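Letter by letter, the chains look like this.
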Amino acid sequence: AQSVAQPEDQVNVAEGNPLTVKCTYSVSGNPYLFWYVQYPNRGLQFLLKYITGDNLVKGSYGFEAEFNKSQTSFHLKKPSALVSDSALYFCAVRPFYNQGGKLIFGQGTELSVKP
Amino acid sequence: NAGVTQTPKFQVLKTGQSMTLQCAQDMNHEYMSWYRQDPGMGLRLIHYSVGAGITDQGEVPNGYNVSRSTTEDFPLRLLSAAPSQTSVYFCASSGADTQYFGPGTRLTVL
């Protein structure tokens, strides 16, 4: 079965430290991979995506993600966390054979950045 | 561009009532989708559409109907609301690859 796993329900980081939010997937073929962020009582905002090419992709607000095909992972990273980065983060996958309307989401990781 | 808009923002229903959640996009996107968000479960796909007149079921379609008569609009209908349908509902649209989400509708069924 196709699935996305975010193994950590919550990640706690001190401001200024690097952060990593983990994501692994189980999808056949070469999927499209996405990260979204959700602030309280808001919709999902697109952060970044991997379609093809360089394994390190850069996105909004200084975030980046590294695609690792052998480990089927797509971890989200930021070199220096800000308190304003505190939010709920979702990893999502679109199998390559799917049409654009279908994403499979992980369960989400709550990121808390303390001053 | 307004992007993806949803109405209403909040709704309280009694069990058995019906209602329609509205979704509209002004980006001329082919694909539109409805998801529900429940704590600890991420977002789950209810129904999606690949163009006007074409819809299909997602992971959790039971109790919901959709139609797509125009490119812009993709309403979600609850036929007979149940407490299990208490959730936050998100509409999304996409072109070639990236989905963009509306602000959501928080629905409570009593």
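This structure is a prediction, so every number in the text was calculated from the model and none was measured.

Explain the overall build of chain A to me, using residue names and the numbers behind them.
Looking only at helices and strands, chain A has zero helices and twelve strands in total. Each helix (α) and strand (β) of chain A, taken in turn from the N terminus, gives the series β-β-β-β-β-β-β-β-β-β-β-β. With the C-alpha coordinates aligned to their principal axes, the bounding extent of chain A is approximately 45 × 30 × 20 Å. Residue pairs in contact within chain A that sit at least 24 positions apart in sequence constitute 56% of those at least 6 positions apart. When the accessible surface of chain A is summed, it comes to about 5400 Å², and 49% of that surface belongs to carbon and sulfur atoms. When the 10 positive and 8 negative side-chain charges of chain A are each reduced to one mean point, those points stand 8 Å apart.

An account of the environment of Gly102 of chain B is requested, with residue identities and associated values reported.
With respect to the helices and strands, the residue Gly102 of chain B is situated in the loop between strand E10 (99-101) and strand E11 (105-109). For Gly102 of chain B, a relative accessible area of 2% translates into the label buried. Between the alpha carbons of Gly102 of chain B and Ala81 of chain B there is a distance of 22 Å; along the sequence they are 21 residues apart. Not counting residues within four places of it along the chain, the set of residues in contact with Gly102 of chain B comprises Gly43 of chain A together with Val4, Gln6, Phe90 and Cys91 of chain B.

Go over the layout of surface pockets, please, and point to the residues and values.
A volume near 600 Å³ is recorded for the largest pocket. Those elements giving two or more residues to the lining of the largest pocket turn out to be strand E10 (87-94) of chain A together with strand E9 (87-94) and E11 of chain B. Among the elements that take part in the lining of the largest pocket, E11 of chain B stands out by supplying four residues, more than any other. Residues belonging to the lining of the largest pocket are distributed by class as follows: twelve nonpolar, twelve polar and six charged. Put simply, the second largest pocket is a space of about 320 Å³. Looking at the second largest pocket, it is lined by 15 residues, and the ones nearest its centre are Leu103, Ile104 and Phe105 of chain A together with Leu45 and Glu59 of chain B. Secondary-structure elements contributing two or more residues to the lining of the second largest pocket are strand E11 (104-105) of chain A together with strand E5 (43-51) of chain B. At three residues, the largest contribution of residues to the lining of the second largest pocket is made by E5 of chain B. In terms of residue class, the lining of the second largest pocket is made up of six nonpolar, six polar and three charged.

Reading the values: the criteria
Each chain carries its own residue numbering, running from 1 in the written order of its sequence. For this description, chains carry letters from A and ligands carry numbers from 1, given in the order in which they are written. Selection of residues for local features in this predicted model requires a pLDDT of at least 70, selection of side-chain atom pairs for listing and counting requires 80 or more, and totals for whole chains, interfaces and linings are taken over all residues. The basis for the side-chain values is all heavy atoms of the structure; hydrogens and waters are excluded. Labels follow the DSSP assignment, with helices taken as runs of H or I lasting at least four residues and strands as runs of E lasting at least two, numbered in each case from the N terminus. Residues are treated as being in contact if the distance between any of their heavy atoms lies within 4.5 Å. Shrake-Rupley sampling with a 1.4 Å probe provides the accessible areas, and residues are treated as covered by the protein chains on show and by no other component. For this count, His and the chain ends are skipped, Lys and Arg are scored as positive, and Asp and Glu as negative. By convention, the charge on Lys lies at NZ, on Arg at CZ, on Asp at CG and on Glu at CD. Only protein chains enter the accessibility calculation, which uses a 1.4 Å probe. A residue is then buried if its area is under 20% of the maximum for its type, exposed if over 50%, and partly exposed in between. Two kinds of site are reported from a 1 Å grid over the protein atoms alone, namely cavities, where a 1.4 Å probe fits but cannot get out, and pockets, open sets with protein on both sides within 12 Å along at least five of seven lines, and residues are called lining when an atom falls within 4 Å of a point. Grid points are joined across faces, edges and corners, and a volume is the space filled by probe spheres set on the points. Any residue that is not Ala, Val, Leu, Ile, Met, Phe, Trp, Tyr, Cys, Pro, Asp, Glu, Lys or Arg is counted as polar, Gly included; the first ten are nonpolar and the last four charged.

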